[in-house]
Amino acid sequence: MKITRIETFLVPPRWLFCRVETDEGVVGWGEPVVEGRAEVVRAAVDVLAEYLVGQDPLRIEDHWQVLTKGGFYRGGPILSSAVAGLDQALWDIAGKTYGAPVHALLGGPVRDSVRVYAWVGGDEPAQLTEQVTEQVEAGFTAVKMNAAGPTSPMATAAETAAVVGRVAAVRDVLGPDRDVAVDFHGRFTAAAARRVLTELAPLHPLFVEEPVVPEHGHLLGQLVAAGPIPLATGERLFSRAEFLPALAAGIAVAQPDLSHAGGISEVHRIASLADTYGAQLAPHCPLGPIALAASLQVAFATPNFLIQEQSRGIHYNKDADLLSYVVDPEPFRFTAGHAHRCVAPGLGITVDENAVRAADRTGHTWRNPVWRHTDGSFTEW
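Conventions and cut-offs
- Residues numbered from 1 in each chain as written.
- Predicted model: local features only at pLDDT ≥ 70, side-chain atom pairs only at ≥ 80, totals over all residues.
- Heavy atoms only, no water.
- Buried < 20%, exposed > 50% of the residue type's maximum accessible area, 1.4 Å probe, protein only.
- Helix = DSSP H or I, 4+ residues; strand = E, 2+ residues; numbered from the N terminus.
- Arc of directions from axis to C-beta.
- Contact = heavy atoms within 4.5 Å.
- Pairing = 2+ DSSP bridges.
- Axes fitted to C-alpha atoms, helices over the stretch in contact; angles between N-to-C directions.
- Parallel < 35°, antiparallel > 145°, perpendicular 65-115°, else oblique.
- Nonpolar A, V, L, I, M, F, W, Y, C, P; charged D, E, K, R; others polar.
- Phe/Tyr/Trp six-rings, centres within 6.5 Å; stacked < 30°, edge-to-face > 60°.
- Lys NZ or Arg CZ within 6 Å of the ring centre and 35° of its normal.
- Lys, Arg positive; Asp, Glu negative; His and termini not counted.
- Salt bridge = Lys/Arg side-chain N within 4 Å of Asp/Glu carboxyl O.
- Polar contact = N/O pair within 3.5 Å; in protein donor to acceptor, adjacent residues only side chain to side chain.

**Overview of helix α2 (residues 60-69)**
Of the residues making up α2, those classed as buried are Ile60, His63, Trp64, Leu67 and Thr68. Looking straight down α2, one finds its buried side chains confined to an arc of 115°; they lie on one side. For α2, the elements touching its buried residues are α1 (38-52), α3 (77-98), α9 (240-249) and α10 (263-276).

Okay, here's the thing in structure tokens:
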């Protein structure tokens with residue numbers, strides 16, 4: 001079997017899909033994207049396709065080595081995301097060829113269902129209580145929220161109180177038997193994060209995500225030592241090598257993104273590395289159905305898995321949603337806040353190719369906002 005064609009599709013709201021076709025008619029799908037830079041990743045996929053076309057798709061590990069290391073200049077979000085989507089597609093082909101779900105090829109399932117959480121916003125808190133109530137009524141046992149919008153370098157007393165007040169309001173709705181995770185999104189300095197973490201501790205967050213930007217990863221150890229809240233990071237880390245210092249610093253939760261961190265192959269290895277540090281895996285995935293399908297396959301085969309992010313109803317999805325490009329929604333039917341193990345081959349989903357091709361004719365130019373402080377200076381989004 002040989003790879004004969006690789007195509008990419010720029011689909012709303014902000015995603016990029018790739019389709020890998022073989023001469024035996026087996027097709028694999030992947031989701032290679034950097035949000036806000038989808039067109040750049042598309043170009044990178046085109047370059048990598050020059051190597052893959054004509055190759056045996058089942059030599060996944062060898063292809064991963066060449067795609068990540070065959071160029072003198074390596075790494076970075078664009079290249080690792082391009083590789084990630086192609087890697088997902090190759091695993092999809094492998095599963096379809098062998099008649100097995102990807103999790104079976106990764107060593108077999110270690111669980112029958114995967115706990116997922118729902119997004120409820122938080123940086124704009126007006127409807128927060130209502131949103132959390134809706135998710136509880138939908139059966140979710142965990143939600144995640146942003147801690148704040150634009151934040152001063154040294155959070156004021158009012159800003160700190162506002163963060164704590166929003167999380168407290170969510171905790172009131174959830175009660176003690178459900179969980180809230182809080183995403184700092186790198187919007188806090190280390191000093192501000194220490195102060196807010198201290199105030200949040202009595203509310204018992206499941207974890208606090210990205211307490212500082214990844215460039216300040218050398219400060220994670222200080223934040224871990226500062227209090228009892230489990231810290232999580234990893235959506236902007238792209239390899240085992242980049243996760244190693246964070247894990248050594250004591251993070252409790254590793255959050256690689258299956259569409260950024262080298263795909264199924266590398267995230268499976270990151271999970272094993274995290275396990276040696278007693279850390280749990282909670283893959284980042286505010287993306288589309290292919291990325292989520294890949295994430296779930298890893299989750300079913302990962303002993304130290306904690307919880308899975310998913311994008312149904314997330315605020316980014318204006319023109320399309322998680323189910324817009326799949327034929328059967330069943331793999332993403334959540335019961336009591338869990339996704340149940342699918343035994344369909346490959347990634348376990350059927351992509352609606354006609355819908356994807358139609359969406360690509362429109363495409364998108366999604367860009368993340370640029371935020372500024374009141375004095376006009378740049379602040380983290």
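Back to the text.
**Structural notes on unusual backbone geometry**
Geometrically, the link from Pro12 to Pro13 is a cis peptide bond, its omega value of 10° lying close to zero. Among the secondary structure elements, Pro13 is positioned in the loop between β1 (3-11) and β2 (15-22). Here the phi dihedral of His204 falls at roughly 55°; this positive angle occurs in a residue that is not glycine. You can see His204 is positioned in the loop between α7 (190-200) and β7 (208-209). A residue is classified by how much of its surface remains accessible, and His204, at 59% relative accessible area, is exposed.

**Here's the deal with the sheet that holds strand β3 (residues 27-30)**
If you walk across this open sheet you meet the 3 strands as β1-β2-β3, and the pairing is antiparallel. Looking at strand neighbours, the two that pair on one side only are β1 and β3, the edges of this open sheet. In this sheet, neighbouring strand axes are inclined to one another by 20° on average, regardless of whether the strands run parallel or antiparallel. Pairing of β1 with β2 involves 8 bridges; the strand directions are antiparallel. Residue pairing in the sheet places Phe9 in a bridge with Phe17 of β2.

**Thoughts on the packing of α2 against α3**
One way to put it is that α2 packs onto α3 with a least axis distance of 10 Å and a crossing angle of 170°. Compared by their axis directions, α2 and α3 come out roughly antiparallel. Residues Ile60, His63, Trp64, Leu67 and Thr68 of α2 lie in contact with α3, whose contacting residues are Leu79, Val83, Leu86, Asp87, Leu90, Trp91 and Ala94. For the contact of α2 with α3, a count of residues per class yields 9 nonpolar, 2 polar and 1 charged.

**Remarks on the packing of aromatic side chains**
With the rule as written, the count across this model stands at 10 aromatic pairs. Here the aromatic rings of Phe72 and Tyr73 are separated by 5.1 Å at their centres, their planes lie at 90°, and the arrangement is edge-to-face. Ring plane angle 65° and centroid distance 6.3 Å describe the contact between Tyr316 and Trp381, whose orientation is recorded as edge-to-face. Here the residue Tyr316 occupies a position in the loop between β11 (308-309) and β12 (334-335), and Trp381 occupies one in the segment after β15 (378-379), the gap between them amounting to 65 residues. The same class applies to Tyr316 and to Trp381, which are both buried. Every member of this aromatic cluster is reached through a ring pair, and the members are Trp15, Phe17 and Tyr325. Across from the ring centre of Tyr316, 3.6 Å away, lies the NZ or CZ of Arg14, which sits over that ring.

**Considerations on the side chain of Glu235**
Within the secondary structure, Glu235 is located in the loop between β8 (231-233) and α9. Buried and unpaired, Glu235 has Arg236 as its nearest opposite-charge partner, separated by 5.0 Å. At a separation of 3.3 Å, a polar atom in the side chain of Glu235 contacts the side chain of His284.

**A word on the pairing of β3**
In β3, alternate side chains face the same way, and those of Val27 and Trp29 on one face and Gly28 and Gly30 on the other are all buried. Alignment of β2 against β3, held across 4 bridges, turns out to be antiparallel. Of the residues in β3, the one forming a bridge with Glu21 is Val27. Remark: 4 residues form the turn of the hairpin made by β2 and β3, two consecutive strands paired antiparallel; Gly25 in that turn has positive phi of roughly 85°.

**Examining the pattern of salt bridges**
Inspection of the entire model under this criterion finds 20 salt bridges. For the salt bridge of Glu39 with Arg367, the shortest nitrogen-to-oxygen distance reads 3.0 Å. Here Glu39, found in helix α1, pairs with Arg367, found in the loop between α12 (353-362) and β14 (371-372); they are 328 residues apart in sequence, far enough to count as distant. Residue classification places Arg367 among the partly exposed residues on the basis of a relative accessible area of 42%.

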